[in-house]
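The primary structure of each chain is shown beneath.
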Amino acid sequence: MARAGRRAPGRRVAVLGAGSWGTTFAKILADGGADVVLWARRPELAREIQEAKRNSDYLPGINLPIGLRATSRLDLALAGAEQVFVCVPSQSLRDNLIAAEPHLHAQATVVSLMKGVEKATGHRMSEVIAEILPIAESQIAVISGPNLALEIAREQPTAAVVSSTSLETAQAVASVARNTYFHSFVNTDVIGTEFGGVLKNLIAVAIGIVDGAGYGENTKASIITRGLVEMTDFAVAYGAHPDTLSGLAGLGDLIATCQSPLSRNNTAGRLLGQGYKLPEVVNQMQQTTEGLASVGPILELARAKGVEMPIVEQVRQVLAGSLDPKDIAPHLTTDDEPQGERTSDGQAQGGSALRRAFKRAFDQLRHGGECSGRSTVSATS
Ligand SMILES: NC(=O)C1=CN([C@@H]2O[C@H](COP(=O)(O)OP(=O)(O)OC[C@H]3O[C@@H](n4cnc5c(N)ncnc54)[C@H](O)[C@@H]3O)[C@@H](O)[C@H]2O)C=CC1
Ligand SMILES: O=C(CO)COP(=O)(O)O
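Residues numbered from 1 in each chain as written. Chains lettered and ligands numbered in written order. Predicted model: local features only at pLDDT ≥ 70, side-chain atom pairs only at ≥ 80, totals over all residues. Heavy atoms only, no water.

Asks: Let's hear about the sheet that holds strand β1 (residues 12-16): which residues, and what values?
Replies: With mixed pairing, the 8 strands of this open sheet are ordered in space as β3-β2-β1-β4-β5-β6-β7-β8. Looking at which strands have only one partner, the edges of the open sheet turn out to be β3 (69-71) and β8 (182-187). Shown here is a sheet whose adjacent strand axes are inclined to one another by a mean of 25°, direction ignored. As judged from the 6 bridges shared by strand β7 (residues 158-163) and β8, these two strands associate in the parallel manner. Each bridged residue has a counterpart across the sheet, and for Ala-160 the counterpart in β8 is Ser-184. Relative to β7, helix α11 (residues 248-259) is tilted by about 145°, and along the sheet it contacts β6 (140-144), β7 and β8. (Pairing = 2+ DSSP bridges. Helix = DSSP H or I, 4+ residues; strand = E, 2+ residues; numbered from the N terminus. Axes fitted to C-alpha atoms, helices over the stretch in contact; angles between N-to-C directions. Contact = heavy atoms within 4.5 Å.)

Asks: Tell me about the nonpolar core, and name the residues and values.
Replies: When a protein is soluble and globular, its nonpolar side chains tend to lie buried together. Core analysis: the biggest nonpolar cluster contains 42 residues, and Phe-234, Ile-298 and Met-309 have the highest contact counts within it. Counting residues per element, the ones that place at least two in this core are α8 (190-212), α9 (217-237), α11, α12 (264-273), α14 (290-305) and α15 (310-320). A total of 11 residues in this core trace back to one element, the largest contributor, which is α8. Contacts of Phe-234, omitting those with residues within four sequence positions, involve Phe-195, Leu-199, Ile-298, Leu-301, Ala-302, Val-307 and Met-309. Residues Phe-85, Ala-149, Ile-152 and Ala-160 belong to the second largest nonpolar core, which totals 40 residues. (Core = buried A, V, L, I, M, F, W, Y, C linked by side-chain atoms within 4.5 Å. Buried < 20%, exposed > 50% of the residue type's maximum accessible area, 1.4 Å probe, protein only.)

Asks: Could you give an account of the UniProt feature "binding site: NADPH" (unreviewed entry) in the protein, with specific residues and numbers?
Replies: Here the UniProt-annotated "binding site: NADPH" (unreviewed entry) positions come out as Ser-20, Trp-21, Arg-41, Arg-42, Tyr-58, Lys-115, Ala-149, Arg-264 and Glu-290. Those annotated residues that line the largest pocket are Ser-20, Trp-21, Arg-41, Arg-42, Tyr-58, Lys-115, Ala-149, Arg-264 and Glu-290. In this fold, Trp-21 is placed in helix α1 (residues 20-31). By relative accessible area, which is 13% here, Trp-21 ends up buried. In contact with Trp-21, not counting residues within four places along its chain, are Ile-28, Cys-87, Leu-113, Asn-147, Ala-149, Ile-152 and Phe-182. Its location among the elements puts Arg-41 in the loop between β2 (35-39) and α2 (43-52). Here Arg-41 falls in the exposed class, since its relative accessible area comes to 66%. (UniProt positions renumbered as here; feature names shortened; annotations may be inferred. 1 Å grid on protein atoms, 1.4 Å probe; cavity = no way out; pocket = protein on both sides within 12 Å on 5 of 7 lines; lining within 4 Å.)

Asks: I'd love a proper account of the pairing of β7, names of residues and values included.
Replies: Of all the 6 residues making up β7, 6 are buried; the element is thus mostly covered by neighbouring parts of the structure. By the alternation rule, side chains of β7 split into Thr-158, Ala-160 and Val-162 and Ala-159, Val-161 and Ser-163, which are all buried. Taken together, the 3 bridges between β6 and β7 define a ladder with antiparallel strand orientation. Along β7, the bridge assignment pairs Ile-143 with Val-162. Regarding topology, helix α7 (residues 167-176) serves as the crossover connection from β7 to the parallel β8, and that connection is right-handed. (Right-handed = clockwise from strand over helix to strand, strands pointing away.)

Asks: So what's going on with the pattern of salt bridges? Residues and values would help.
Replies: By the definition in use, this model includes 16 salt bridges. One salt bridge connects Arg-11 with Glu-82, and the closest N-O pair in it is separated by 3.5 Å. With Arg-11 in the segment before β1 and Glu-82 in the loop between α3 (74-78) and β4 (83-86), this pair connects stretches of sequence that are 71 residues apart. Of the residues examined, Arg-11 reaches a relative accessible area of 31% and is grouped as partly exposed. Residue class for Glu-82 comes out partly exposed when judged on its relative accessible area of 38%. In this structure, Glu-217 and Lys-220 form a salt bridge, with 3.4 Å as the shortest nitrogen-oxygen distance. Taken together, the positions of Glu-217 and Lys-220, both in helix α9 and 3 residues apart, correspond to about one turn of that helix. On the accessibility criterion, Glu-217 (57% relative accessible area) is exposed. Since its relative accessible area comes to 13%, Lys-220 is described here as buried. What you see here is one network of salt bridges that share partners, running through Asp-211, Glu-217, Lys-220 and Arg-270. (Salt bridge = Lys/Arg side-chain N within 4 Å of Asp/Glu carboxyl O.)

Rendered as C-alpha coordinates:
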(Lines give C-alpha, C1' and ligand atoms only; values in the text may rest on other atoms or scores of the structure.)
(Ligands and ions follow the chains in the order given, each with its own letter.)
Protein backbone atom coordinates (compact mmCIF):
# COMPACT_ATOMS: atom_id res chain seq x y z
CA MET A 1 0.00 0.00 0.00
CA ALA A 2 1.20 3.47 -0.85
CA ARG A 3 2.35 5.81 1.88
CA ALA A 4 0.04 8.73 2.50
CA GLY A 5 1.31 11.88 0.74
CA ARG A 6 2.55 14.92 2.62
CA ARG A 7 -0.06 17.36 1.33
CA ALA A 8 -3.54 18.35 2.45
CA PRO A 9 -3.97 15.81 5.23
CA GLY A 10 -7.53 15.05 6.15
CA ARG A 11 -9.22 17.33 3.60
CA ARG A 12 -12.82 16.12 3.27
CA VAL A 13 -13.67 15.12 -0.29
CA ALA A 14 -16.36 13.04 -2.02
CA VAL A 15 -16.24 10.83 -5.09
CA LEU A 16 -19.53 10.18 -6.86
CA GLY A 17 -19.54 6.93 -8.84
CA ALA A 18 -17.93 3.68 -7.71
CA GLY A 19 -17.03 2.04 -11.02
CA SER A 20 -13.45 1.31 -11.99
CA TRP A 21 -12.28 4.93 -12.29
CA GLY A 22 -14.33 6.43 -9.44
CA THR A 23 -13.08 3.77 -7.04
CA THR A 24 -9.50 4.09 -8.26
CA PHE A 25 -9.67 7.86 -7.88
CA ALA A 26 -11.03 7.50 -4.35
CA LYS A 27 -7.97 5.36 -3.62
CA ILE A 28 -5.66 7.99 -5.15
CA LEU A 29 -7.17 10.67 -2.94
CA ALA A 30 -7.15 8.54 0.21
CA ASP A 31 -3.54 7.46 -0.41
CA GLY A 32 -2.73 11.18 -0.75
CA GLY A 33 -4.06 11.80 2.73
CA ALA A 34 -7.59 13.07 2.05
CA ASP A 35 -10.64 12.00 4.04
CA VAL A 36 -12.69 10.37 1.26
CA VAL A 37 -16.28 9.21 1.09
CA LEU A 38 -17.17 7.29 -2.07
CA TRP A 39 -20.78 7.24 -3.25
CA ALA A 40 -21.99 4.06 -4.97
CA ARG A 41 -25.44 3.93 -6.56
CA ARG A 42 -25.94 0.32 -5.47
CA PRO A 43 -26.08 -0.28 -1.68
CA GLU A 44 -24.47 -3.73 -2.00
CA LEU A 45 -21.43 -2.22 -3.71
CA ALA A 46 -21.18 0.54 -1.09
CA ARG A 47 -21.30 -2.18 1.58
CA GLU A 48 -18.55 -4.25 -0.06
CA ILE A 49 -16.26 -1.21 -0.29
CA GLN A 50 -17.07 0.00 3.22
CA GLU A 51 -16.72 -3.39 4.93
CA ALA A 52 -14.36 -5.53 2.82
CA LYS A 53 -12.36 -2.63 1.29
CA ARG A 54 -12.84 -4.30 -2.08
CA ASN A 55 -14.67 -3.55 -5.33
CA SER A 56 -14.39 -7.03 -6.75
CA ASP A 57 -16.43 -6.49 -9.94
CA TYR A 58 -14.53 -3.43 -11.13
CA LEU A 59 -11.10 -3.75 -9.51
CA PRO A 60 -10.44 -7.45 -8.89
CA GLY A 61 -7.50 -8.13 -6.59
CA ILE A 62 -7.16 -4.55 -5.35
CA ASN A 63 -7.16 -3.77 -1.63
CA LEU A 64 -8.65 -0.34 -1.00
CA PRO A 65 -7.33 1.96 1.73
CA ILE A 66 -8.56 1.19 5.25
CA GLY A 67 -9.66 4.80 5.76
CA LEU A 68 -11.80 4.94 2.60
CA ARG A 69 -15.49 5.11 3.44
CA ALA A 70 -18.39 4.31 1.12
CA THR A 71 -22.12 4.93 1.17
CA SER A 72 -25.10 4.73 -1.17
CA ARG A 73 -26.53 7.92 0.40
CA LEU A 74 -25.70 11.08 -1.53
CA ASP A 75 -26.42 13.32 1.46
CA LEU A 76 -23.86 11.49 3.61
CA ALA A 77 -21.26 11.43 0.85
CA LEU A 78 -21.58 15.16 0.18
CA ALA A 79 -21.91 16.42 3.77
CA GLY A 80 -18.95 18.77 4.38
CA ALA A 81 -17.14 17.83 1.16
CA GLU A 82 -14.88 20.68 -0.04
CA GLN A 83 -14.11 18.95 -3.33
CA VAL A 84 -16.50 16.64 -5.16
CA PHE A 85 -15.08 14.37 -7.87
CA VAL A 86 -17.78 13.15 -10.27
CA CYS A 87 -17.31 9.86 -12.13
CA VAL A 88 -20.60 8.45 -13.41
CA PRO A 89 -21.30 7.48 -17.03
CA SER A 90 -21.54 10.73 -19.04
CA GLN A 91 -25.12 10.10 -20.17
CA SER A 92 -26.24 9.92 -16.53
CA LEU A 93 -24.39 13.03 -15.31
CA ARG A 94 -27.31 15.45 -15.62
CA ASP A 95 -29.70 13.31 -13.53
CA ASN A 96 -27.04 12.59 -10.94
CA LEU A 97 -26.23 16.29 -10.55
CA ILE A 98 -29.90 17.14 -10.10
CA ALA A 99 -30.03 14.58 -7.28
CA ALA A 100 -26.78 15.83 -5.73
CA GLU A 101 -27.45 19.55 -5.89
CA PRO A 102 -29.51 19.92 -2.67
CA HIS A 103 -26.70 18.30 -0.66
CA LEU A 104 -23.77 20.15 -2.20
CA HIS A 105 -21.81 22.68 -0.14
CA ALA A 106 -22.16 26.14 -1.79
CA GLN A 107 -18.36 26.67 -1.87
CA ALA A 108 -17.48 23.15 -3.03
CA THR A 109 -15.28 22.61 -6.06
CA VAL A 110 -16.80 20.12 -8.51
CA VAL A 111 -14.36 18.07 -10.58
CA SER A 112 -15.25 15.97 -13.62
CA LEU A 113 -13.31 12.74 -14.09
CA MET A 114 -15.42 11.74 -17.09
CA LYS A 115 -14.48 11.46 -20.77
CA GLY A 116 -17.70 11.72 -22.73
CA VAL A 117 -20.08 14.30 -24.12
CA GLU A 118 -23.80 14.36 -23.49
CA LYS A 119 -25.46 12.71 -26.48
CA ALA A 120 -28.62 14.84 -26.45
CA THR A 121 -26.80 18.20 -26.30
CA GLY A 122 -23.19 17.56 -27.36
CA HIS A 123 -22.12 19.37 -24.21
CA ARG A 124 -18.90 18.65 -22.36
CA MET A 125 -19.19 17.40 -18.80
CA SER A 126 -18.01 20.72 -17.33
CA GLU A 127 -20.70 22.47 -19.37
CA VAL A 128 -23.38 20.17 -17.95
CA ILE A 129 -22.04 20.85 -14.44
CA ALA A 130 -22.22 24.61 -15.07
CA GLU A 131 -25.79 24.29 -16.37
CA ILE A 132 -27.13 22.30 -13.44
CA LEU A 133 -25.24 23.49 -10.38
CA PRO A 134 -25.50 27.03 -8.99
CA ILE A 135 -21.73 27.45 -8.71
CA ALA A 136 -19.19 29.79 -10.31
CA GLU A 137 -17.05 28.71 -13.28
CA SER A 138 -14.03 29.01 -10.98
CA GLN A 139 -15.48 26.19 -8.84
CA ILE A 140 -15.37 23.72 -11.73
CA ALA A 141 -12.38 21.59 -12.74
CA VAL A 142 -11.72 18.56 -14.92
CA ILE A 143 -9.03 15.88 -14.74
CA SER A 144 -7.76 13.94 -17.72
CA GLY A 145 -4.68 12.04 -18.85
CA PRO A 146 -3.36 8.55 -19.61
CA ASN A 147 -5.16 6.97 -16.69
CA LEU A 148 -6.12 3.34 -17.20
CA ALA A 149 -7.81 2.61 -13.88
CA LEU A 150 -6.46 -0.85 -13.10
CA GLU A 151 -2.83 0.17 -13.63
CA ILE A 152 -3.24 3.08 -11.23
CA ALA A 153 -5.11 0.93 -8.72
CA ARG A 154 -1.96 -1.26 -8.81
CA GLU A 155 -0.03 1.90 -7.93
CA GLN A 156 1.92 2.15 -11.19
CA PRO A 157 3.36 5.70 -11.54
CA THR A 158 1.09 7.94 -13.60
CA ALA A 159 0.45 11.60 -14.37
CA ALA A 160 -2.66 13.59 -15.22
CA VAL A 161 -3.73 17.19 -15.80
CA VAL A 162 -6.09 19.13 -13.57
CA SER A 163 -7.71 21.94 -15.51
CA SER A 164 -9.86 24.85 -14.43
CA THR A 165 -10.36 28.35 -15.79
CA SER A 166 -9.16 29.34 -12.31
CA LEU A 167 -5.49 28.39 -11.87
CA GLU A 168 -5.98 28.63 -8.12
CA THR A 169 -8.74 26.01 -8.25
CA ALA A 170 -6.66 23.72 -10.47
CA GLN A 171 -3.77 23.98 -8.01
CA ALA A 172 -6.01 23.33 -5.00
CA VAL A 173 -7.41 20.20 -6.65
CA ALA A 174 -3.98 19.04 -7.84
CA SER A 175 -2.59 19.35 -4.32
CA VAL A 176 -5.22 16.87 -3.09
CA ALA A 177 -5.19 14.58 -6.16
CA ARG A 178 -1.58 13.43 -5.80
CA ASN A 179 0.41 10.87 -3.94
CA THR A 180 3.51 8.74 -4.35
CA TYR A 181 2.27 7.05 -7.55
CA PHE A 182 -0.01 9.75 -9.02
CA HIS A 183 1.14 13.21 -10.09
CA SER A 184 -1.18 16.03 -11.14
CA PHE A 185 -0.06 18.84 -13.44
CA VAL A 186 -2.27 21.91 -13.92
CA ASN A 187 -3.49 24.05 -16.81
CA THR A 188 -6.34 26.48 -17.53
CA ASP A 189 -7.40 25.00 -20.90
CA VAL A 190 -10.57 23.20 -19.84
CA ILE A 191 -11.82 22.83 -23.42
CA GLY A 192 -8.62 21.18 -24.67
CA THR A 193 -8.23 18.99 -21.61
CA GLU A 194 -11.81 17.76 -21.78
CA PHE A 195 -11.98 17.25 -25.54
CA GLY A 196 -8.63 15.41 -25.45
CA GLY A 197 -10.22 12.74 -23.25
CA VAL A 198 -13.35 12.50 -25.37
CA LEU A 199 -11.62 12.41 -28.76
CA LYS A 200 -8.90 9.88 -27.97
CA ASN A 201 -11.68 7.38 -27.22
CA LEU A 202 -12.86 7.62 -30.82
CA ILE A 203 -9.37 7.06 -32.22
CA ALA A 204 -8.97 4.12 -29.81
CA VAL A 205 -12.13 2.58 -31.27
CA ALA A 206 -10.58 2.98 -34.75
CA ILE A 207 -7.37 1.30 -33.54
CA GLY A 208 -9.38 -1.56 -32.08
CA ILE A 209 -11.23 -1.97 -35.37
CA VAL A 210 -8.06 -2.31 -37.48
CA ASP A 211 -6.53 -4.56 -34.83
CA GLY A 212 -9.58 -6.81 -34.97
CA ALA A 213 -9.43 -6.78 -38.74
CA GLY A 214 -5.87 -8.12 -38.51
CA TYR A 215 -3.81 -5.09 -39.50
CA GLY A 216 -0.42 -4.36 -37.92
CA GLU A 217 1.64 -1.57 -36.48
CA ASN A 218 2.00 0.62 -39.58
CA THR A 219 -1.75 0.92 -39.89
CA LYS A 220 -2.12 1.70 -36.20
CA ALA A 221 0.70 4.26 -36.16
CA SER A 222 -0.85 5.95 -39.21
CA ILE A 223 -4.22 6.17 -37.50
CA ILE A 224 -2.77 7.39 -34.20
CA THR A 225 -0.79 10.12 -35.95
CA ARG A 226 -3.59 11.27 -38.24
CA GLY A 227 -6.02 10.85 -35.36
CA LEU A 228 -4.05 13.35 -33.31
CA VAL A 229 -4.35 15.84 -36.20
CA GLU A 230 -8.13 15.34 -36.21
CA MET A 231 -8.29 15.73 -32.44
CA THR A 232 -6.23 18.91 -32.56
CA ASP A 233 -8.15 20.44 -35.48
CA PHE A 234 -11.41 19.79 -33.71
CA ALA A 235 -10.38 21.00 -30.26
CA VAL A 236 -8.64 24.13 -31.60
CA ALA A 237 -11.77 24.99 -33.62
CA TYR A 238 -13.63 24.98 -30.29
CA GLY A 239 -11.09 27.23 -28.57
CA ALA A 240 -8.55 24.78 -27.17
CA HIS A 241 -4.84 25.54 -27.09
CA PRO A 242 -3.02 23.15 -29.45
CA ASP A 243 -0.31 22.44 -26.84
CA THR A 244 -2.91 20.77 -24.64
CA LEU A 245 -3.51 18.17 -27.33
CA SER A 246 0.22 17.41 -27.44
CA GLY A 247 0.22 16.89 -23.68
CA LEU A 248 -0.99 14.28 -21.22
CA ALA A 249 -4.67 14.89 -21.93
CA GLY A 250 -4.15 14.52 -25.69
CA LEU A 251 -1.22 12.54 -27.03
CA GLY A 252 -0.52 10.93 -23.64
CA ASP A 253 -4.00 9.53 -23.29
CA LEU A 254 -4.14 8.64 -26.98
CA ILE A 255 -1.05 6.44 -26.63
CA ALA A 256 -2.29 4.72 -23.46
CA THR A 257 -5.77 4.05 -24.77
CA CYS A 258 -4.71 2.93 -28.23
CA GLN A 259 -2.06 0.56 -26.86
CA SER A 260 -3.83 -1.09 -23.99
CA PRO A 261 -6.14 -4.09 -23.95
CA LEU A 262 -7.45 -2.61 -20.68
CA SER A 263 -9.17 0.14 -22.70
CA ARG A 264 -12.87 -0.51 -23.16
CA ASN A 265 -12.99 1.69 -26.28
CA ASN A 266 -10.12 -0.22 -27.82
CA THR A 267 -11.79 -3.52 -26.88
CA ALA A 268 -15.14 -2.49 -28.35
CA GLY A 269 -13.37 -1.53 -31.59
CA ARG A 270 -11.56 -4.87 -31.71
CA LEU A 271 -14.86 -6.73 -31.43
CA LEU A 272 -16.27 -4.63 -34.29
CA GLY A 273 -13.16 -5.38 -36.34
CA GLN A 274 -13.67 -9.08 -35.70
CA GLY A 275 -17.10 -8.81 -37.26
CA TYR A 276 -19.45 -8.40 -34.31
CA LYS A 277 -22.34 -6.00 -34.87
CA LEU A 278 -22.78 -2.96 -32.62
CA PRO A 279 -25.66 -4.41 -30.51
CA GLU A 280 -23.57 -7.54 -29.84
CA VAL A 281 -20.60 -5.40 -28.83
CA VAL A 282 -22.71 -3.26 -26.51
CA ASN A 283 -24.03 -6.48 -24.94
CA GLN A 284 -20.54 -7.81 -24.36
CA MET A 285 -19.15 -4.63 -22.83
CA GLN A 286 -19.61 -4.82 -19.06
CA GLN A 287 -18.28 -1.32 -18.45
CA THR A 288 -18.79 2.23 -19.68
CA THR A 289 -17.57 2.68 -23.27
CA GLU A 290 -17.90 6.41 -23.79
CA GLY A 291 -16.62 6.48 -27.37
CA LEU A 292 -19.63 4.63 -28.75
CA ALA A 293 -21.99 7.39 -27.58
CA SER A 294 -19.64 10.26 -28.48
CA VAL A 295 -19.22 9.54 -32.20
CA GLY A 296 -22.53 11.11 -33.29
CA PRO A 297 -22.34 14.33 -31.24
CA ILE A 298 -18.65 14.86 -32.04
CA LEU A 299 -19.27 14.59 -35.79
CA GLU A 300 -22.16 17.03 -35.47
CA LEU A 301 -19.94 19.48 -33.59
CA ALA A 302 -17.21 18.98 -36.21
CA ARG A 303 -19.64 19.76 -39.02
CA ALA A 304 -20.77 22.93 -37.25
CA LYS A 305 -17.18 24.23 -37.37
CA GLY A 306 -16.27 22.81 -40.78
CA VAL A 307 -13.69 20.45 -39.28
CA GLU A 308 -13.07 17.24 -41.18
CA MET A 309 -12.63 14.04 -39.19
CA PRO A 310 -12.24 11.25 -41.73
CA ILE A 311 -11.16 8.64 -39.18
CA VAL A 312 -14.02 9.40 -36.79
CA GLU A 313 -16.43 9.45 -39.72
CA GLN A 314 -15.31 5.96 -40.70
CA VAL A 315 -15.74 4.75 -37.13
CA ARG A 316 -19.33 5.99 -37.41
CA GLN A 317 -19.78 4.04 -40.63
CA VAL A 318 -18.40 0.84 -39.09
CA LEU A 319 -20.72 1.29 -36.08
CA ALA A 320 -23.62 1.79 -38.47
CA GLY A 321 -22.64 -1.34 -40.40
CA SER A 322 -22.14 0.59 -43.64
CA LEU A 323 -18.33 0.22 -43.83
CA ASP A 324 -16.48 -3.07 -43.74
CA PRO A 325 -13.85 -2.85 -40.94
CA LYS A 326 -11.20 -4.02 -43.41
CA ASP A 327 -11.79 -0.87 -45.48
CA ILE A 328 -11.16 1.64 -42.69
CA ALA A 329 -7.36 1.72 -42.94
CA PRO A 330 -6.70 3.25 -46.35
CA HIS A 331 -9.22 6.00 -45.77
CA LEU A 332 -7.12 8.23 -43.60
CA THR A 333 -8.36 11.21 -45.57
CA THR A 334 -11.43 12.03 -47.61
CA ASP A 335 -9.23 13.73 -50.24
CA ASP A 336 -8.66 12.13 -53.58
CA GLU A 337 -5.85 14.49 -54.43
CA PRO A 338 -2.53 14.48 -52.56
CA GLN A 339 -2.74 16.44 -49.36
CA GLY A 340 -0.15 18.28 -47.29
CA GLU A 341 0.55 16.28 -44.15
CA ARG A 342 -0.11 19.19 -41.77
CA THR A 343 1.14 18.02 -38.43
CA SER A 344 1.65 21.08 -36.36
CA ASP A 345 2.32 24.23 -38.39
CA GLY A 346 -0.99 25.13 -39.99
CA GLN A 347 -3.25 23.52 -37.49
CA ALA A 348 -1.31 24.80 -34.52
CA GLN A 349 -2.69 28.24 -35.27
CA GLY A 350 -6.15 26.82 -35.81
CA GLY A 351 -5.57 27.97 -39.38
CA SER A 352 -6.12 24.85 -41.39
CA ALA A 353 -9.51 24.00 -39.93
CA LEU A 354 -10.61 27.55 -40.54
CA ARG A 355 -9.15 27.62 -44.03
CA ARG A 356 -10.92 24.41 -44.91
CA ALA A 357 -14.20 25.75 -43.49
CA PHE A 358 -13.93 28.78 -45.78
CA LYS A 359 -12.99 26.64 -48.73
CA ARG A 360 -15.90 24.30 -48.07
CA ALA A 361 -18.36 27.22 -47.82
CA PHE A 362 -16.98 28.57 -51.09
CA ASP A 363 -17.32 25.16 -52.76
CA GLN A 364 -20.88 24.85 -51.55
CA LEU A 365 -21.71 28.23 -53.09
CA ARG A 366 -20.03 27.18 -56.32
CA HIS A 367 -22.06 23.97 -56.39
CA GLY A 368 -25.33 25.76 -55.76
CA GLY A 369 -25.44 25.05 -52.02
CA GLU A 370 -24.68 21.34 -52.34
CA CYS A 371 -21.91 19.92 -50.18
CA SER A 372 -19.25 18.29 -52.32
CA GLY A 373 -18.63 15.75 -49.55
CA ARG A 374 -14.89 15.95 -50.20
CA SER A 375 -12.11 17.77 -48.53
CA THR A 376 -10.87 20.76 -50.41
CA VAL A 377 -7.33 21.13 -49.14
CA SER A 378 -4.87 21.18 -52.00
CA ALA A 379 -1.44 19.64 -52.09
CA THR A 380 0.13 23.03 -51.59
CA SER A 381 -1.83 23.93 -48.46
N1 LIG B 1 -11.85 3.25 -16.30
C2 LIG B 1 -10.88 4.07 -16.65
O3 LIG B 1 -9.72 3.64 -16.83
C4 LIG B 1 -11.14 5.53 -16.82
C5 LIG B 1 -12.43 6.02 -16.99
N6 LIG B 1 -12.63 7.34 -17.15
C7 LIG B 1 -13.97 7.89 -17.32
O8 LIG B 1 -14.71 7.73 -16.10
C9 LIG B 1 -16.09 7.67 -16.38
C10 LIG B 1 -16.68 6.49 -15.64
O11 LIG B 1 -16.05 5.33 -16.16
P12 LIG B 1 -15.71 4.04 -15.33
O13 LIG B 1 -15.62 4.29 -13.88
O14 LIG B 1 -14.54 3.44 -15.98
O15 LIG B 1 -17.02 3.19 -15.68
P16 LIG B 1 -17.49 1.81 -15.08
O17 LIG B 1 -18.34 1.19 -16.10
O18 LIG B 1 -16.33 1.06 -14.53
O19 LIG B 1 -18.36 2.27 -13.84
C20 LIG B 1 -19.49 3.07 -13.97
C21 LIG B 1 -20.17 3.15 -12.62
O22 LIG B 1 -21.31 4.00 -12.74
C23 LIG B 1 -22.43 3.29 -12.24
N24 LIG B 1 -23.60 3.76 -12.95
C25 LIG B 1 -24.18 3.25 -14.07
N26 LIG B 1 -25.26 3.98 -14.40
C27 LIG B 1 -25.36 4.95 -13.46
C28 LIG B 1 -26.29 5.98 -13.23
N29 LIG B 1 -27.32 6.18 -14.05
N30 LIG B 1 -26.08 6.78 -12.17
C31 LIG B 1 -25.05 6.59 -11.35
N32 LIG B 1 -24.15 5.61 -11.51
C33 LIG B 1 -24.31 4.81 -12.55
C34 LIG B 1 -22.13 1.83 -12.45
O35 LIG B 1 -22.91 1.03 -11.57
C36 LIG B 1 -20.65 1.81 -12.12
O37 LIG B 1 -20.45 1.73 -10.73
C38 LIG B 1 -16.22 7.58 -17.90
O39 LIG B 1 -16.56 8.83 -18.41
C40 LIG B 1 -14.82 7.18 -18.36
O41 LIG B 1 -14.52 7.65 -19.65
C42 LIG B 1 -11.60 8.25 -17.14
C43 LIG B 1 -10.32 7.82 -16.96
C44 LIG B 1 -9.99 6.43 -16.79
O1 LIG C 1 -9.62 6.99 -20.30
C2 LIG C 1 -9.03 5.95 -20.14
C3 LIG C 1 -7.56 5.90 -20.01
O4 LIG C 1 -7.02 7.17 -19.86
C5 LIG C 1 -9.76 4.68 -20.13
O6 LIG C 1 -10.07 4.34 -21.43
P7 LIG C 1 -11.31 3.41 -21.73
O8 LIG C 1 -12.54 4.16 -21.30
O9 LIG C 1 -11.26 3.14 -23.18
O10 LIG C 1 -11.13 2.17 -20.90
